[in-house]
2 protein chains.
Amino acid sequence: MEEINIGDYSLLGKSIPRIDAYEKVTGEAKYAADIELPGMLWCKILRSPLPHAKILNIDISRAKRLTGVKAVCTAKDFKGFRWGWMPITRDEPPLAEDKVRFYGEGVAAVAAIDEETAEEALELIKVDYEELPGVFDPEEALKEGAPVVHDYRPNNISWEFHMDFGDVEKGFKEADLVREDRFATGRVITGFLEPPAAIALWNSSGITIWAAKQSPYFVYRHLAQCFNLPLNKIRVIQPFVGGGFGGTKNDSVAGDFCSVLFSKMTGRPVKFVYKMEEVFLTCRRRHNAIIYNKMGMKKDGTITAMQSRLIADGGAYTAIGPLTMYLTGCISTLPYKLPNFKHDAYRVFTNNPVGAAMRGHGVTHTRFAAEIQMDMMAEELGLDPMEIRLKNAIEAPYETINKVTIFSCGLKDGLLKLKEHPLWKERKKENKDKETISGVGISGVAYLGGARQRGYQSCAAVLRLCEDGTVEYLTGATDAGQGSDTVLTQIVAEELGLSIDHVDIQRVDTAYTPCDAGSYGSRVTALAGEAAMKAAKDLKRQLAEYAAKEWNVSSEDIVFKNNKVYPKHMPDKAIPFRKLAQIACYSGVGAVIIGRGYSQYGIEPYDFEKGIGNAGTAYSFTSQLTRVEVDKETGFTKCTDMIIAHDCGKPLNPGLVESQNQGASVQGLGQAIYEEFVMDRGRTLNANLADYKMPTAVDAPNIEVIHILTDDPKVPYGAKEASEGAIVSSPPSVISAIHDATGIWFKELPVTPEKIALALREKKKE
Amino acid sequence: MEEINIGDYSLLGKSIPRIDAYEKVTGEAKYAADIELPGMLWCKILRSPLPHAKILNIDISRAKRLTGVKAVCTAKDFKGFRWGWMPITRDEPPLAEDKVRFYGEGVAAVAAIDEETAEEALELIKVDYEELPGVFDPEEALKEGAPVVHDYRPNNISWEFHMDFGDVEKGFKEADLVREDRFATGRVITGFLEPPAAIALWNSSGITIWAAKQSPYFVYRHLAQCFNLPLNKIRVIQPFVGGGFGGTKNDSVAGDFCSVLFSKMTGRPVKFVYKMEEVFLTCRRRHNAIIYNKMGMKKDGTITAMQSRLIADGGAYTAIGPLTMYLTGCISTLPYKLPNFKHDAYRVFTNNPVGAAMRGHGVTHTRFAAEIQMDMMAEELGLDPMEIRLKNAIEAPYETINKVTIFSCGLKDGLLKLKEHPLWKERKKENKDKETISGVGISGVAYLGGARQRGYQSCAAVLRLCEDGTVEYLTGATDAGQGSDTVLTQIVAEELGLSIDHVDIQRVDTAYTPCDAGSYGSRVTALAGEAAMKAAKDLKRQLAEYAAKEWNVSSEDIVFKNNKVYPKHMPDKAIPFRKLAQIACYSGVGAVIIGRGYSQYGIEPYDFEKGIGNAGTAYSFTSQLTRVEVDKETGFTKCTDMIIAHDCGKPLNPGLVESQNQGASVQGLGQAIYEEFVMDRGRTLNANLADYKMPTAVDAPNIEVIHILTDDPKVPYGAKEASEGAIVSSPPSVISAIHDATGIWFKELPVTPEKIALALREKKKE
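Each chain has its residues counted from 1, following the order in which its sequence is written. Lettering of chains starts at A and numbering of ligands starts at 1, both following the order in which they are written. This being a predicted model, a pLDDT of at least 70 is required before a residue's local features are given, and a value of 80 or more before pairs of side-chain atoms are given or counted; all residues contribute to the totals for chains, interfaces and linings.

Engineer: In this structure, what is going on with the overall build of chain A? I would like to understand it.
Structural biologist: Working definition: helices are DSSP H or I runs of at least four residues, strands are E runs of at least two. Numbering for both runs from the N terminus. A tally of regular secondary structure across chain A gives 19 helices and 32 strands. Every radius of gyration here is taken over C-alpha atoms, with the globule rule written as 2.2 Å times N^0.38, N being the number of residues. Taking 27 Å as the expected radius of gyration for a compact globule of 766 residues, we find that chain A reaches 27 Å, a close match to that expectation. The burial label depends on the number of other C-beta atoms within 10 Å of a residue's C-beta. Counts of 20 or more mean buried, 12 or fewer mean exposed, and intermediate counts mean partly exposed, with C-beta atoms placed from the backbone. Across the 766 residues of chain A, 62% fall into the buried class. Considering only residue pairs separated by 6 or more positions, chain A has 80% of its internal contacts joining residues 24 or more positions apart. Residue pairs qualify as contacts under a 7 Å threshold applied to their C-beta atoms, which are placed from the backbone.

Structure below.
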């Protein structure tokens, strides 16, 4: 088992295999779509064939008369309910009300005895539309006279966010070189393999829903609001989750509301499973964005100022978009020293599907622009891209101009490791053959972990000691596939000195588990981990009192290790942990001893309006080398190698940190060169996994992850973010490698073979 | 709503309707037998047609070959596992091993795709038996040369228990009258309407079982032992429970083990539902017992000594029998002053079904004997049965000769209330017609509540505050129908100053809820109630800190009342509780605040071997008047009235206390005059609800419950036992009433019309 010495630990730093590996590999694991209840109905949603249209009339009478149909609903059944991330931006109804705003938006829904009958009934619903002119490009949408998507935002600006620190004009004046470029990031989607699905039951206990969510407590609140029930009447039970990556799975979908409503109407459990086509047509995507970036640099590479203007395609509703805008700017002042910074971000309504969160949320756009522009300027100034990064990289402790405080930073260490790596040192010695040219690119980025946008988004843990010395662990945190259940269990077992199999973690059931914000913003290990650690310490403290009595020592001198307990300095007196559990349970307050812990780190306030302060609990730093081969004739690219030097502080489970980096960098590779939704007036033409080209295992390069160890006091055991950094570092290093191979700078993602081939042809002409 | 002022409370003392009434009345409530899982198999058990026999061979080959049969098991698949209440008396295998010991004992089991196929397969199993002589009467079983049921108990004494306090011989010498009588209690069963049922699933998470249990943590431990799994791999999920009353539902049944084993063998969920015939033939019963009672009394009615010898029919296995024996003696020193007491209890193995716990556990036998004997002696001495009770009744504080300490006692108050009751005062004035004679009987008893046989049998509670001010309440306590969920919810809501509907209690799920001993020994309100109260106080303490900050007062001065919170002396500053919850959740440690409480009352040690000390946390006192009409010709009895003066301390929900007393007194009526298993050499001939005559609503008399309020410091809010007292007080008052009507003393239960008619005929002859 891979092991990294990160301190005096028994389990932390070891690549403990995932605790759910067996279930997942054998298929025993049940996902939402696998669940069946007796008497269950199927819910299907009728979707708009137009991107922008008034709804004149909906005739559901024929659908209702079809044998096997139990209920039909439209927007009016939701009585004006709309949801959204912030109270002031709740603009999305479960089903379209007066008008549809994007192709595929839900218009009506059916509950029937089986899936086929429900689908047949959809065809019997007659909707009269009056088509409206649509707007599909965010820059077009900002123009005077553009079609208006929402009346409450007549200028189509869904949200704007501005930062202004130092004096950028002064900074540009001090520079020897100033560049302005237009960058663009692509229309991409999370690409989880498990579609949104749920089975809902309404009865006198309230709502019970088994739902595929990475953040079950979002839908928990949305359902309480939609159906006007108290939170303790909402029970979200979380099956295994087949991938999240933000967006859809940490939000609600129309099916959630419709299936609950149908259960209320019929008294029967109601299930829905989205088809992959529905996911690709209608679910949350990463915002595609245009970034106008301006940077000032001295001859020696010192960055003097940066100014960015970002225009993001928000699609038809606001969703979590305001947070996306905040994230495009709030850590642009990292990972390089930046004395002057100005940022203006605009989220624009269009008649496209909704833009929302996705792994590397917000940061992917602006970091891509800044990294590439930095390389372009280094080239102009004749500077080495490695040296320019080493020159500007921050060192901890550090406070950015917008008061983000950094207590640990492994960027320089990482860059120095990459500098010595053969892939970098030997990049110019490569023997390029005639058809293929190759290049190596580099990037350096920061990402926040333990994201905490509101005070209430912290975590709690409850541990229950069984009398045989095993432990039940209740958390509201969700393992959407990232392996957090394994890491959290390691933490609890480590603190109690137990083997990993002595601790049993339960999946979320909101009726029983403590509330939690969910899995996003790389927050689980930091925040749920802190709660787990504290709950374990609390349990240990109670147990130590019994042990101390046994040996007549202070309870603080009791050591818990290797499933044993002993007084410090008297390891020969050790008794099994099991024995102490028995003593405590049989002689003390009862058969159960409960440990409780809350997360408390990083609750300093920060300014969401102005972009000041720490939205993360701690910050990771990733630097990446990527080697790409380019076919000179066809423009076909093959990524052969990625070296990722990742400072996650302390890798509690090195194997999981590596696999997170691998997954994220390959996902980033997809967004750099493969993935793109082809749109025609709001309609997605490649709404399936065959035509939307996500990289698969065969497209993955050799990936080497170098652990850069740092020591951050703000997170438990010093464990920072792992996985969002590499999806930020991956695209610029890929594009930089393509430039290294071809001499061409590409500024719009994805950089497809077509684009490269055309550019190479143009270049030849020159 | 009925209301009794028991203190300055908003909810306590009020007859809040049961919180699960709607589900139960509408049929929404799901019981174990209602649960279905996809791919589920049915488990059926082959039962012995002989009461005592060697098993020579079991041929399962034909059953295995039947289409639809997925697995067959016999004892050998359980590898010698046996269960029982005490480690040293674990003598019961899930299926009979070398021999069967009672008629209907499980011999083999089948899992098949449906119930019919499983039943058909049972017929294909061929068992070769060698019949052994059986023993069916406990007094016979004690004789030299009787057939031996278990080799490890060659004298057939399953368990014995002895108490000896003071000097009974001296006491008898001081008496003016000494009587010795032989009494007997009948063969009766709990008579719940929901049969034992469960659905079991074995997978890599361990065992999950949805089981009909009043004490889910018994089967939890049994399954861990049987299948050698740690406790955190055993998940017992508790559906609604349709009655318990001890015995079967707070123990495991063969079906539990077989269904789990079958799920392990097949990988599929496996269900069983006992037929009512199986319940009556094979499930736990109350021990039937013979009690030789000797009492000494002075002319003025003062009791000088009592000596009892009890011989109980234990049936084929030990089960919880040792506790039954303890309970037959431990509170025989209540409710009357008793300076000298000796008790010898013998639990005897026979080839009958197993004797175990039942409502009024143990005490019903010896109290019946003592109460009737007291009346007989009062009659001989020309004393009034009311006065003799008033004379001997203890008053709190009191310590019995075996060091049971009593802090509250409403016996005298109750007797005085009954003495003034028209039913008692006018009993001699009754105008008896010619065919029917009537009589009124009285009894006075004590019962323990908050039973706590071991240190580990205490309770815990976890409360989770939701950010909208509603509360989730996790407890390991089970509402088997007694209404405890309602009372526990009242406690939590009372402490937090909330309406009852703001608190949501969850049924037990051992993966999530704190461990609890279960519903027996009238322990839920006392012990789970204490834990609930403390958890609520703990939650309140945390919330009060936020409130105190708001108003700059001490957190101890914060009042929680009527869904509001305010500083003491400043009620006009009140804010909604909801608002404080939001402040705490949004500004503090997180979206969840957790309250935790353990029960701690009554953990003083007691001596189970010698019968010294308090096995209960507090003691209830019940006195009862019963009026019975007897048909002189047929002996047919009709109970017309019961007046129950019950000291439960403080009735937290008077309506529930009354309904518990009503149910228990009618169940006691059944045991006094109706219920009896007719046995033929170990075989129960009336194994169904038609032939086994339980009283129904139409047999119930008018019942008046008089609340006797006392103040016990050992239980939360002073709430003591309700329901077990009245099943103890009921039979002696009924039999005493029959004597009052007929002039005849009956000493063997049940006193059927046949017995009365015969006795009346004998009496006429005299």
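Engineer: What is the right way to look at the environment of Thr282 of chain A in this model?
Structural biologist: Residue and element names in this part refer to chain A. Among the structural elements, Thr282 can be located in helix α8 (residues 276-282). Taking the number of C-beta atoms within 10 Å as the measure of exposure, Thr282 has 26 and is therefore buried. The sequence separation of Thr282 and Val253 amounts to 29 residues, and the corresponding C-alpha distance is 9.6 Å. Once you skip the residues sitting within four places of it in the chain, Thr282 turns out to touch Arg47, Gly104, Glu105 and Pro353.

Engineer: Help me out: how do you make sense of the sheet that holds strand β22 (residues 471-475) of chain B in this one?
Structural biologist: Think of a sheet as strands paired side by side through backbone hydrogen bonds, with each pair either parallel or antiparallel. Residues and elements named next belong to chain B. Any two strands with at least two DSSP-identified bridges between them are counted as paired. Overall, mixed pairing links the four strands, which are arranged β23-β22-β21-β27 in an open sheet. Each edge of the open sheet is held by one strand with a lone partner, namely β23 (503-505) and β27 (593-598). Across this sheet, the average inter-strand angle for adjacent strands is 20°, counted without regard to direction. With three bridges joining them, β22 and β23 adopt parallel strand pairing. Among the inter-strand pairings, Val471 is bridged to a residue of β23, identified as Val503. Inter-axis angles, ranging from 0 to 180 degrees, are taken between N-to-C directions of lines fitted to C-alpha atoms, where helices are fitted over the stretch in contact. Across the sheet, helix α14 (residues 484-496) lies against β21 (460-465), β22 and β23, angled at about 150° from β23, the strand it touches most.

Engineer: Hey, could you run me through the relation of the copies chain B and chain A in this one?
Structural biologist: Mapping between the two copies of the chain is achieved by a rotation about an axis and a shift along the axis. Overlaying chain B with chain A gives an RMSD of 0.1 Å, the required rotation being 180° about an axis along which the chain moves by 0.1 Å. On the angle and the small slide along the axis, the relation comes out as a two-fold axis. Among all C-alpha atoms of chain B, that of Tyr512 of chain B lies closest to the rotation axis, at 3.1 Å. In this assembly, 100% of the residues forming the interface of chain B have copies in chain A that are likewise at the interface, indicating an isologous arrangement. A least-squares superposition brings the copies together, and it is based on the C-alpha atoms of residues with pLDDT no lower than 70 in both.

Engineer: Is there a simple way to explain helix α7 (residues 254-266) of chain B in this structure?
Structural biologist: In an α-helix, one turn spans 3.6 residues; hence positions three or four apart end up facing the same way. Residue and element names in this part refer to chain B. Helix span is expected to be 1.5 Å times the residue number reduced by one. A rise of 1.5 Å per residue sets the reference length of α7, with its 13 residues, at 18 Å; its end C-alpha atoms lie 18 Å apart and thus fit the reference within 8%. Across the 13 residues of α7, 10 count as buried, placing the element largely inside the fold. For α7, the set of buried residues is Ala254, Gly255, Asp256, Phe257, Cys258, Ser259, Val260, Leu261, Phe262 and Ser263. In the stretch just after α7, Gly267 is the one whose phi turns positive, near 75°.

Engineer: Explain the packing of helix α17 (residues 654-674) of chain B against helix α18 (residues 724-742) of chain B to me, please; I cannot follow it from the model alone.
Structural biologist: In a packed pair of helices, the relevant descriptors are the angle between the two axes and the axis-to-axis distance. All names here are of chain B. Here α17 crosses α18 at 40°, and the two axes come no closer than 7 Å. The orientation of α17 relative to α18 falls into the category oblique. At the point where α17 passes α18, the crossing takes the right-handed sense. Residue-level contacts link Asn661, Ala664, Ser665, Gln667, Gly668, Leu669, Gln671, Ala672 and Ile673 of α17 to Glu724, Ala726, Ile727, Ser730, Pro731, Val734 and Ile735 of α18. Note on residue classes: Ala, Val, Leu, Ile, Met, Phe, Trp, Tyr, Cys and Pro are nonpolar, Asp, Glu, Lys and Arg are charged, and everything else, Gly too, is polar. Considered class by class, the residues forming the contact of α17 with α18 number nine nonpolar, six polar and one charged. The labels follow the angle: roughly parallel below 35 degrees, roughly antiparallel above 145, roughly perpendicular from 65 to 115, and oblique for the rest. In this scheme the handedness of a crossing depends on how the near helix is turned from the far one: anticlockwise by less than a right angle means left-handed, clockwise means right-handed.

Engineer: Can you help me understand the domain arrangement of chain A in this one?
Structural biologist: Think of interface size as the accessible area that goes away when the parts come together; that is how it is often given. Residue and element names in this part refer to chain A. Domain extents, as shown, originate in an automatic or database domain assignment. Looking at the assigned domains, one finds that chain A contains domain 1 (21-27 + 453-598), domain 2 (32-132 + 195-241 + 247-282) and domain 3 (285-452 + 606-765). Listed as interface residues are 19 residues of domain 1 and, on the opposing side, 22 residues of domain 3. Residue assignment for the side of domain 1 that touches domain 3 shows that the elements contributing at least two residues are α14 (484-496) and α15 (524-551). Ranked by residue count, the leading element in the side of domain 1 that touches domain 3 is α15, at six residues.

Engineer: Would you take a moment to explain the nonpolar core for this structure?
Structural biologist: For soluble globular proteins, nonpolar side chains are generally found buried alongside one another. Joined through C-beta atoms within 7 Å, a set of buried Ala, Val, Leu, Ile, Met, Phe, Trp, Tyr and Cys residues constitutes a nonpolar core. Core analysis: the largest hydrophobic core is formed by 490 residues, its most contacted members being Ala461, Leu463 and Val492 of chain A together with Ala461, Leu463 and Val492 of chain B. Sequence-distant contacts of Ala461 of chain A, that is, excluding residues within four places in its chain, are made with Tyr473, Leu474, Thr475, Pro514, Ala528, Ala531, Ala532, Ala535 and Gly597 of chain A.

Engineer: How should the interface of chain B and chain A be read in this particular structure?
Structural biologist: In this assembly, 47 residues from chain B lie in contact with 48 residues from chain A. Among the elements of the structure, α1 (21-26), β21, β22, α16 (577-587) and β27 of chain B are those that each provide at least two residues to the side of chain B that touches chain A. Considered class by class, the residues forming the side of chain B that touches chain A number 23 nonpolar, 12 polar and 12 charged.

Engineer: In this structure, what is going on with the environment of Ile644 of chain A? I would like to understand it.
Structural biologist: Residue and element names in this part refer to chain A. Mapped onto the elements, Ile644 comes out in strand β29 (residues 637-649). Look at Ile644 and you get buried, because 27 C-beta atoms sit within 10 Å. Residues Ile644 and Ala211 lie 433 residues apart in sequence; the distance between their C-alpha atoms is 35 Å. Dropping the residues within four chain positions of it, Ile644 is found in contact with Thr622, Gln624, Asn661, Ser665, Ile703, Val705, Ile706 and Ala726.

Engineer: It is not clear to me how unusual backbone geometry should be interpreted in this structure. Could you clarify?
Structural biologist: A negative phi holds for most residues other than glycine; trans holds for most peptide bonds. Cis peptide bonds are those with omega within 30 degrees of zero, and the linkage from Ala396 of chain A to Pro397 of chain A qualifies with -5°. Positive phi is not limited to glycine here, since Asn156 of chain A has a value of about 65°. Summarising the element assignment, Asn156 of chain A is placed in the loop between α4 (138-141) and β7 (157-165). A positive phi angle, near 65°, is found at Lys403 of chain B, a position not held by glycine. Tracing the backbone shows Lys403 of chain B in the loop between β18 (398-399) and β19 (405-406).

Engineer: Help me understand the environment of Leu448 of chain B, please; the structure alone is not making it clear to me.
Structural biologist: Residues and elements named next belong to chain B. As for its placement among the helices and strands, Leu448 is situated in strand β20 (residues 436-449). Assessed through the 30 C-beta atoms surrounding it within 10 Å, Leu448 is described here as buried. Considered as a pair, Leu448 and Glu721 are 273 residues apart in the sequence and their alpha carbons are 6.9 Å apart. If we skip the residues at most four places from it in the chain, Leu448 touches Ile331, Gly521, Ala615, Gly616, Tyr619 and Glu721.

Engineer: Just to check I follow, could you spell out the sheet that holds strand β10 (residues 206-211) of chain A for this structure?
Structural biologist: Residue and element names in this part refer to chain A. Across the sheet, which stays open at both edges, the seven strands sit in the order β3-β5-β1-β12-β9-β10-β11 with mixed pairing between neighbours. Looking along the sheet, the strands with just one partner apiece sit at the ends: β3 (69-74) and β11 (234-237). Taken pair by pair, the neighbouring strands of this sheet meet at an average axis angle of 20°, ignoring direction. Direction of pairing for strand β9 (residues 197-203) relative to β10: antiparallel, over a ladder of six bridges. Of the residues in β10, the one forming a bridge with Asn203 is Gly206. Where helix α6 (residues 216-227) meets the sheet, it contacts β10 and β11, and its direction lies at approximately 150° from that of β11.

Engineer: Help me understand α16 of chain B, please; the structure alone is not making it clear to me.
Structural biologist: Residues and elements named next belong to chain B. Turning to α16, its buried residues number three or more, namely Phe577, Leu580, Ala581, Ala584 and Cys585. Viewed along the axis of α16, the buried residues span an arc of 125°, placing them on a single side of the element. Its buried side turned inward, α16 meets β21, α15 (524-551), β24 (558-561), β25 (564-567), β26 (575-576) and β27. Here, the arc refers to the directions that run from the helix axis to the C-beta atoms.

Engineer: Looking at this model, I keep getting lost on the pairing of β10 of chain A. Mind explaining?
Structural biologist: Every regular strand shows the same layout, with side chains that alternate between the two sheet faces. Residues and elements named next belong to chain A. Of all six residues in β10, five are buried, a share of seventy percent or more. Linking two consecutive strands that pair antiparallel, namely β9 and β10, is a turn of two residues. Relative to β11, β10 is paired through four bridges, and the arrangement is parallel. Considered in β11, the bridge of Trp210 is made with Ile237.

Engineer: Help me understand the confidence of the model for chain A, please; the structure alone is not making it clear to me.
Structural biologist: A low pLDDT means the predicted coordinates there should not be read in detail. Confidence of the predictor in every single residue is expressed as pLDDT, which spans 0 to 100. Chain-level statistics for chain A give a pLDDT mean of 95 and a share of 98% at 70 or above. This prediction of the complex comes with two scores: 0.95 for pTM and 0.93 for ipTM.

Engineer: So what exactly am I meant to see when it comes to the packing of helix α11 (residues 385-392) of chain B against helix α12 (residues 411-419) of chain B here?
Structural biologist: Residue and element names in this part refer to chain B. Contact geometry of α11 with α12 gives a least axis separation of 10 Å together with a crossing angle of 160°. Accordingly, the angle class assigned to the pair α11 and α12 is roughly antiparallel. In the crossing of α11 with α12, the sense of the turn from one axis to the other is left-handed. Counting all contacts with α11, which are made through Met386, Arg389 and Leu390, the residues of α12 involved are Lys412, Leu415 and Lys419. Taken together, the residues of the contact of α11 with α12 break down into three nonpolar, no polar and three charged.

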